[in-house]
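Report on the structure
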Amino acid sequence: MVDKKTKAWSGCPVRFGMSQFGDKWSFLIIRDLMFKGRKYYHEFIEAGEGISTNVLASRLADLESNGIVNKSRDPIKGSRFIYTLTDKGIELMPMMLAMIDWAEKYDADTEVPEDFIKELRDDPGKLQQEILEKIPR
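Residues numbered from 1 in each chain as written. Predicted model: local features only at pLDDT ≥ 70, side-chain atom pairs only at ≥ 80, totals over all residues. Heavy atoms only, no water.

1. A few points about the side chain of Asp32
Mapped onto the elements, Asp32 comes out in helix H2 (residues 24-35). Of the polar contacts made by the side chain of Asp32, one reaches the side chain of Arg31; its length is 2.8 Å. (Helix = DSSP H or I, 4+ residues; strand = E, 2+ residues; numbered from the N terminus. Polar contact = N/O pair within 3.5 Å; in protein donor to acceptor, adjacent residues only side chain to side chain.)

Have a look at this one:
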């Protein structure tokens, strides 16, 4: 959970980053928005990670209040909301890709497609551009 009580940051960039997106659920929501094309509340619930509805609602609210995610009403079905990454959220892509690269090296169970990791290691700029073009704004 994001630490909202801490006022003095002591200048540590890691501590600041963790205050913005600081738990596994937030990272998985960012992953789903960035790489998996998910944008609706029910899609995050059905992603297979086992997040509870109250935790998802809390993390989405935290990410929105920190300017990482936008929430807007669906123009087709007005009773639901669409979640998208802001520019601030999109700028997390190099870090997310670095985590994917690191996990692929050290976690034998990581399910990174071979072509994805090859492109990430051969031409990360090209891969980032391809991903950017697919992210709804």
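2. What about the environment of Ile29?
Along the chain, the position of Ile29 falls in helix H2. Residue Ile29 is classed as buried on the basis of its relative accessible area, which comes to 2%. When neighbours within four sequence positions are excluded, Ile29 is seen to be in contact with Phe44, Leu56, Arg59, Leu60 and Leu63. (Buried < 20%, exposed > 50% of the residue type's maximum accessible area, 1.4 Å probe, protein only. Contact = heavy atoms within 4.5 Å.)

3. What to know about empty space enclosed by the protein
Inspection of every chain in the model, using the stated rule, returns 2 cavities of 30 Å³ or more. As a volume, the largest cavity reaches approximately 50 Å³. Forming the walls of the largest cavity are Trp25, Leu28, Ile29, Asp32, Phe44, Ala47, Glu49 and Ile51. Tallying contributions element by element places H2 first for the lining of the largest cavity, with 4 residues. Among the residues forming the lining of the largest cavity, the class breakdown is 6 nonpolar, no polar and 2 charged. (1 Å grid on protein atoms, 1.4 Å probe; cavity = no way out; pocket = protein on both sides within 12 Å on 5 of 7 lines; lining within 4 Å. Points joined across faces, edges and corners; volume = space filled by probe spheres on them. Nonpolar A, V, L, I, M, F, W, Y, C, P; charged D, E, K, R; others polar.)

4. A few points about the confidence of the model for the protein
Scored by pLDDT, the protein has a mean of 89; 93% of the residues are at 70 or more. Within the protein, strand E2 (residues 81-85) carries the highest mean pLDDT (97), whereas helix H1 (residues 13-21) carries the lowest (74). (pLDDT = per-residue confidence, 0-100.)

5. Here's the deal with the pattern of salt bridges
Any two side chains of opposite charge can pair, given that their charged atoms come close. One pass over the full model with this rule turns up 10 salt bridges. A salt bridge links Asp101 to Lys105, with the nearest nitrogen and oxygen atoms 3.9 Å apart. Here Asp101 pairs with Lys105, and both are found in helix H6 (residues 93-106), just 4 residues apart, close to one helical turn. What makes Lys105 exposed here is its relative accessible area of 53%. Between Asp101 and Arg121 there is a salt bridge whose closest N-O contact spans 2.5 Å. Of the two residues, Asp101 sits in helix H6 while Arg121 sits in helix H7 (residues 114-122), which places them 20 residues apart along the sequence. According to the relative accessible area criterion, Asp101 is buried, its value standing at 17%. Among the charged side chains, a salt-bridge network with shared partners connects Arg31, Asp32, Arg38 and Glu49. (Salt bridge = Lys/Arg side-chain N within 4 Å of Asp/Glu carboxyl O.)

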